[in-house]
Number of protein chains: 2
Amino acid sequence: VTGPGDAPRALLFDVFGTCVDWRTSIARAGARAGERLGIEGVDWTRVADTWRARYGPALETVRDGTRPWTVLDVLHRESLDEVLAGAGPADALPAAERDALTLAWHRLDPWPDTAEGLARLRRRFVVAAGSNGHIALIVGLSRHAGLVWDAVLGAELAGTYKPRPEVYLRCARALGLPPGEVMMVAAHNADLRAAAGCGMRTAFVLRATEHGPGQTTDLAPREGVDVTAADLRDLAARLGA
Amino acid sequence: VTGPGDAPRALLFDVFGTCVDWRTSIARAGARAGERLGIEGVDWTRVADTWRARYGPALETVRDGTRPWTVLDVLHRESLDEVLAGAGPADALPAAERDALTLAWHRLDPWPDTAEGLARLRRRFVVAAGSNGHIALIVGLSRHAGLVWDAVLGAELAGTYKPRPEVYLRCARALGLPPGEVMMVAAHNADLRAAAGCGMRTAFVLRATEHGPGQTTDLAPREGVDVTAADLRDLAARLGA
């Protein structure tokens, strides 16, 4: 079952951006906190963007061994302080509110096609989360968003973050499958490139507004991607599920 | 939320025996292989019982560090050879059939109440598998049996087997909860005793025929169990789910 024409046995999903819309969810959570506290004049979408921009560098400190395994809640909470320090009136947000806003990453809304597409795919394939989010985060987010997985795998299982190959390989091993029988599903070419480098198949899902209407990245798949889909319903159709 | 009168946030389930009927499932798989191969005069229920009896000692070699983390498929396959060596005509089973019979542990049937009870409990609580079965085994078994989990945790995550405390503590950590907010659900007092020793709450589910009609063990809960239930539907009712 490893030839290019054969179906994979399992699908491993990126979650942030691919399954859920972190940007509008986080911006809305920030705006609600601001309203409640009477903090005005903050561009919460910009806060969401700058917060997310610190994600890669924060993960890199774990990937390169500078710090031991650290869950996203801790990394998010630290980088929120850095983001708010440069965000004018938002810097008035008290510590307890920052803790609460950090947990908004556990309650991100899905894209409109995600729950249905995933449920259709699960009828035919083993579906697993292969996120950099830790297990508790993905469990909370999936219950909020109505996403049903056969297993929540990902970075916590490997003790490091994507795109380190250990993460993809550990997930395939947990599924009891060679990487060639697993298909990584993501809206991000870097994730798919790393998965392909580990021998996985790849499916690119277009999320053209993950970063807002002016998005310039990941608008087309990298060369060599096995399947390209407009969303998860389309992926289900293309994979015969 | 940690007082004895409060509800837990998550339920961690033992699987073999508690959720699925390994004994009749394995006996049937053996009988089918025997029929197909013309092997007669084998008491396959006895094979299932003696196979399961080797489970504890096999796990102990990992628990005590004699051997590194080894998944149940490997331990089951090794002990099957030992079991069949003393099982008369069943010892004619070829190696490939032994491999296939080992995978019957990935397709155990649920007790009649399990899928519905678990689905009801999942509406109110985070539900996670906390089995000694590795992730691939529990994923396959759960798809076969129609069991839906928020997460598949358990021994593989901890790198050792229950009842070592590391397993319960690692599962609680993956759920992002202190042990006192997690309830271990099992048909086995030894499992519940170890979970309680780690600070978890405990629910005893009666499975009076797990070991057949003559079962003498685990017919009543240990002292100090928080909830006792006749099955998983009853547990859902008792926990208000």
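Read on for a plain summary of the structure. Here the residue numbers are simple positions, counted from 1 along each chain's written sequence. Chains and ligands are labelled by the order in which they are written, letters from A for the one and numbers from 1 for the other. The predicted nature of this model means local features are confined to residues of pLDDT at least 70 and side-chain atom pairs, given and counted, to a pLDDT of 80 or more, with totals for whole chains, interfaces and linings taken over all residues. Hydrogens and water molecules were not included; the side-chain quantities draw on all heavy atoms of the structure.

Brief notes about helix 9 (residues 165–174) of chain A
Phase 1: Using a 1.4 Å probe on the protein chains alone, a residue whose accessible area is under 20% of its type maximum counts as buried, one over 50% counts as exposed, and one in between counts as partly exposed. Only DSSP runs of H or I covering at least 4 residues are called helices, and only runs of E covering at least 2 are called strands; the numbering of each starts at the N terminus. For helix 9 of chain A, every residue scored as buried is listed here: A:Val167, A:Tyr168, A:Arg170, A:Cys171, A:Ala172 and A:Ala174.
Phase 2: Positive phi shows up at A:Gly176, right after helix 9 of chain A, with a value of about 70°.

Concerning the environment of A:Ala7
Phase 1: Secondary-structure assignment places A:Ala7 in the segment before strand 1 (10–13).
Phase 2: Along the backbone, A:Ala7 and A:Val182 are 175 residues apart, and their C-alpha atoms lie at a distance of 9.2 Å.

Some words on the sheet that holds strand 6 (residues 227–229) of chain A
All names here are of chain A.
Phase 1: Pairing within the open sheet is parallel, and its 6 strands lie in the order 3-2-1-4-5-6. Edge positions in the sheet fall to strand 3 (151–154) and strand 6, since each has one partner strand and no second. On average, each strand axis in the sheet is tilted by 25° relative to the strand beside it, whichever way the strands run.
Phase 2: Across 4 bridges, strand 1 lies against strand 2 (residues 126–131) in parallel orientation. Each bridged residue has a counterpart across the sheet, and for Phe13 the counterpart in strand 2 is Ala129.
Phase 3: The contact definition used throughout considers only heavy atoms, calling two residues in contact when any of these lie within 4.5 Å. Between the N-to-C directions of two axes lies an angle of 0 to 180 degrees, each axis being a line fitted to C-alpha atoms and, for a helix, fitted only over the stretch in contact. The strands touched by helix 9 within the sheet are strand 1, strand 3 and strand 4 (182–186), with strand 3 carrying the most contacts at an inclination of about 150°. Pairs of strands are assigned from DSSP output, requiring at least two bridges between the strands.

Examining the relation of the copies chain B and chain A
The operation relating the two chain copies consists of a rotation about an axis and a shift along that axis.
Phase 1: Least squares is the method for superposing the copies, and the C-alpha atoms it fits come from residues with pLDDT of at least 70 in both. Expressed as a screw operation, the relation of chain B to chain A combines 0.0 Å of axial shift with a rotation of 180°, fitting to an RMSD of 0.0 Å. On the angle and the small slide along the axis, the relation comes out as a two-fold axis. The C-alpha atom lying nearest the rotation axis in chain B is that of B:Ala151; the distance is 2.8 Å.
Phase 2: When you check the interface residues of chain B against chain A, 100% turn up at the interface there too, and the contact is symmetric in its surfaces.

Some remarks on the pairing of strand 5 (residues 201–205) of chain A
All names here are of chain A.
Phase 1: Strand 5 sits mainly inside the fold: 5 of its 5 residues count as buried.
Phase 2: The two faces of strand 5 match: Arg201, Ala203 and Val205 on one face and Thr202 and Phe204 on the other face are all buried.
Phase 3: The path from the first strand over the helix to the second decides the hand: if it runs clockwise while the strands point away from the viewer, the crossover is right-handed. In the classification by handedness, the crossover that spans strand 4, the intervening helix 10 (residues 189–197) and the parallel strand 5 is right-handed.

A word on the interface of chain B and chain A
Think of interface size as the accessible area that goes away when the parts come together; that is how it is often given.
Phase 1: The interface of chain B with chain A comprises 22 residues on the first partner and 22 residues on the second.
Phase 2: Here the quantity called buried area is the total loss of accessible area, with a 1.4 Å probe, experienced by two parts when brought into contact, counted for both. Between chain B and chain A lies a buried interface of about 1600 Å² when both sides are counted; carbon and sulfur atoms form 54% of it.
Phase 3: Salt bridge, as used here, is a side-chain nitrogen of Lys or Arg placed within 4 Å of a carboxyl oxygen of Asp or Glu. Our enumeration of links across chain B and chain A arrives at 4 salt bridges.
Phase 4: Its salt-bridge partner being B:Asp150, residue A:Arg143 comes within 2.7 Å of it at the nearest N-O pair.
Phase 5: We define a polar contact as two N or O atoms separated by no more than 3.5 Å, with the added condition that, inside protein, one atom must be a possible hydrogen donor and the other a possible acceptor, whereas residues neighbouring each other in sequence contribute only through side-chain atom pairs. Remark: the boundary between chain B and chain A carries 10 residue pairs in polar contact (both at pLDDT 80 or more).

Considering the environment of B:His144
Residues and elements named next belong to chain B.
Phase 1: Take His144: it is sitting in helix 7 (residues 135–145).
Phase 2: Taking the C-alpha atoms as reference points, His144 and Leu108, 36 residues apart in sequence, are found 7.4 Å from one another.
Phase 3: Filtering out sequence-adjacent residues up to four positions away, His144 remains in contact with His106, Arg107, Leu108 and Asp109.
Phase 4: One polar contact links the side chain of His144 to the main-chain carbonyl oxygen of Arg107, over a distance of 3.2 Å.

Digging into the sheet that holds strand 3 (residues 151–154) of chain B
All names here are of chain B.
Phase 1: Read from one edge of the open sheet, 6 strands run 3-2-1-4-5-6, paired in parallel fashion. For this open sheet the edge positions go to strand 3 and strand 6 (227–229), each flanked by a neighbour on one side alone. In this sheet, adjacent strand axes meet at a mean angle of 25° when their direction is disregarded.
Phase 2: Both strand 5 (residues 201–205) and strand 6 contribute to a ladder of 3 bridges, which runs parallel. Pairing of Val205 across the sheet is with Ala229, part of strand 6.

Let's talk about the packing of helix 1 (residues 22–37) of chain B against helix 2 (residues 44–53) of chain B
Residues and elements named next belong to chain B.
Phase 1: At a closest axis distance of 8 Å, the pairing of helix 1 and helix 2 adopts a crossing angle of 125°. By the angle class used here, helix 1 and helix 2 are oblique. Both helix 1 and helix 2 take part in a crossing whose hand is right-handed. When helix 1 is examined against helix 2, the residues Trp22, Arg23, Ile26, Ala27, Gly30, Ala31 and Gly34 are found in contact with a partner set consisting of Trp44, Thr45, Ala48, Asp49, Trp51 and Arg52. In what follows, roughly perpendicular refers to angles from 65 to 115 degrees, roughly parallel to angles under 35, roughly antiparallel to angles over 145, and oblique to any angle outside these ranges. Should the near helix be turned anticlockwise from the far one by less than a right angle, the crossing is left-handed, and should it be turned clockwise, the crossing is right-handed.

A closer look at unusual backbone geometry
Phase 1: Here A:Lys162 and A:Pro163 are connected by a cis peptide whose omega angle stands at 5°.
Phase 2: Structurally, the position occupied by A:Pro163 is in the loop between helix 8 (155–158) and helix 9.
Phase 3: Not every positive phi belongs to a glycine, and B:Asp218 is a case in point at roughly 55°.
Phase 4: For B:Asp218, the position within the fold is in the loop between strand 5 and strand 6.
Phase 5: With a relative accessible area of 22%, B:Asp218 lands in the partly exposed category.

Worth remembering: the numbers are spatial, not functional.
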